Amino acid sequence: MVKNIASQWLTAARISPTALYTGQVWQSSGRSIPELKSMPASALHIALAPSMFLSRSLGGPTLEDFLLARHDLIDHHLTELIESGKVSQVVEIAAGLSPRGSRFVERYGDKITYIEADLPGMVAQKKKLLAQRLSVCPNHHVQVVDAFADTGPESLDALVAQLDPKKGLAIVTEGLLNYFDQDSVLNLWARISHTLAQFKHGVYLSDIHLQAQNADPLAQAFVAGLSVFVRGRVHLHFETAGHLQLAMESLGMACQVLKPSDYAAQIPACSGKGADFCRVLFARPASAVK
């Protein structure tokens, strides 16, 4: 028992606090799987509960509100893409402790190929946690990728070389963009655009925070607090959805910027007070848009 607890804390030391907290939000809301449960994540979630209660009491956003809204909205569109037959391959970059790969493979079996991609330390830990699932699901993979590498064995190009360009591909990033500066994000999007253009049907899904939706004093205080929590700056790259769409168009991508509350009737999590603290991108190569 003591050895198991010590092992969990050692693992947690190698995982960012945001990954731990988000993982616990998915656990406590019934969206995750038992293998991804951890005591450090639970402890962090409990420690932040008073701050989240205060923010909610003041009418402000909470981490849980927008974490669940973005997660469910991405899931909603990924489900539609798979069930329509447009996508049968998924790459989730910076998957962290996300349960999405396991849940989608459980649901769709060998109809899809799912790759959870991350940096070496996270990949090693997740392979241990999902060892039994991976051993019985040859179409479910956990592999190393450096999303910001131009070339090399850990680049996005090398990762997708194993996939079938005659089938559709969805690339997902959740909880990644706002921790990098604008130039880094634009370079990442350029790689994603280039990659998706090689596939029969290519789609990119991601969350992002915009300046216009985070301009009031309470939201700014929340962003400042979030920056302290993640031990670094939280970047709000674009003022409005229009600015974001122009940036993606310059990279050859046609982009819709989805407001979670517009989906509240379909997705309960999108009705939370802080659901619109973020937006969800739905982008495709411009050449594929009629």
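Refer to the structure printed above.
Fair warning: this is a prediction, and the values are worked out from it, not measured in the lab.

### Points about the nonpolar core
Part 1 of the reasoning: The biggest cluster of nonpolar side chains holds 35 residues, and the ones touching the most others in it are Leu73, Leu78, Ile82, Phe104, Ile112 and Leu205.
Part 2 of the reasoning: Listed by contribution, the elements that provide at least two residues to this core are helix H2 (17-28), helix H4 (63-83), helix H5 (100-108), strand S4 (169-173), strand S5 (202-208) and strand S7 (279-285).
Part 3 of the reasoning: A total of ten residues in this core trace back to one element, the largest contributor, which is H4.
Part 4 of the reasoning: If sequence neighbours within four positions are ignored, Ile112 has contacts with Ile82, Ser88, Phe104, Val105 and Asn139.
Part 5 of the reasoning: Ile171, Leu176, Val185 and Ala247 belong to the second-largest nonpolar core, a separate cluster that totals 32 residues.

### Things to note about the packing of H4 against H5
Part 1 of the reasoning: The interhelical angle for the contact between H4 and H5, taken along N-to-C directions, is 35°, at an axis separation of 12 Å. In terms of crossing hand, the pair formed by H4 and H5 is right-handed. Counted together, His71, Ile74, Asp75, Leu78, Thr79, Ile82 and Glu83 of H4 and Arg100, Arg103, Phe104, Arg107 and Tyr108 of H5 form the full contact between these two elements.
Part 2 of the reasoning: When grouped by side-chain class, the residues that make up the contact of H4 with H5 number five nonpolar, two polar and five charged.

### Let's talk about the packing of aromatic side chains
Part 1 of the reasoning: The tally for this structure, following the rule as stated, stands at four aromatic pairs.
Part 2 of the reasoning: With a centroid separation of 4.5 Å and 40° between ring planes, the pair formed by Phe148 and Phe180 is classed as tilted. Of this pair, Phe148 sits in the loop between strand S3 (140-144) and helix H8 (156-160) while Phe180 is found in the loop between S4 and helix H9 (182-196), placing the two residues 32 residues apart along the sequence.
Part 3 of the reasoning: On the accessibility criterion, Phe148 (26% relative accessible area) is partly exposed.
Part 4 of the reasoning: Of note, Arg107 hangs over the ring of Phe104, and the distance from its end group to the ring centre comes to 4.8 Å.

### Re the side chain of Arg279
Part 1 of the reasoning: By the secondary structure assignment, Arg279 is in strand S7.
Part 2 of the reasoning: A distance of 2.9 Å separates a polar atom in the side chain of Arg279 from the backbone oxygen of Asp276.

Cut-offs used in this document
- Residues numbered from 1 in each chain as written.
- Predicted model: local features only at pLDDT ≥ 70, side-chain atom pairs only at ≥ 80, totals over all residues.
- Heavy atoms only, no water.
- Core = buried A, V, L, I, M, F, W, Y, C linked by side-chain atoms within 4.5 Å.
- Buried < 20%, exposed > 50% of the residue type's maximum accessible area, 1.4 Å probe, protein only.
- Helix = DSSP H or I, 4+ residues; strand = E, 2+ residues; numbered from the N terminus.
- Contact = heavy atoms within 4.5 Å.
- Axes fitted to C-alpha atoms, helices over the stretch in contact; angles between N-to-C directions.
- Left-handed = near helix turned anticlockwise from the far one by under 90°.
- Nonpolar A, V, L, I, M, F, W, Y, C, P; charged D, E, K, R; others polar.
- Phe/Tyr/Trp six-rings, centres within 6.5 Å; stacked < 30°, edge-to-face > 60°.
- Lys NZ or Arg CZ within 6 Å of the ring centre and 35° of its normal.
- Polar contact = N/O pair within 3.5 Å; in protein donor to acceptor, adjacent residues only side chain to side chain.

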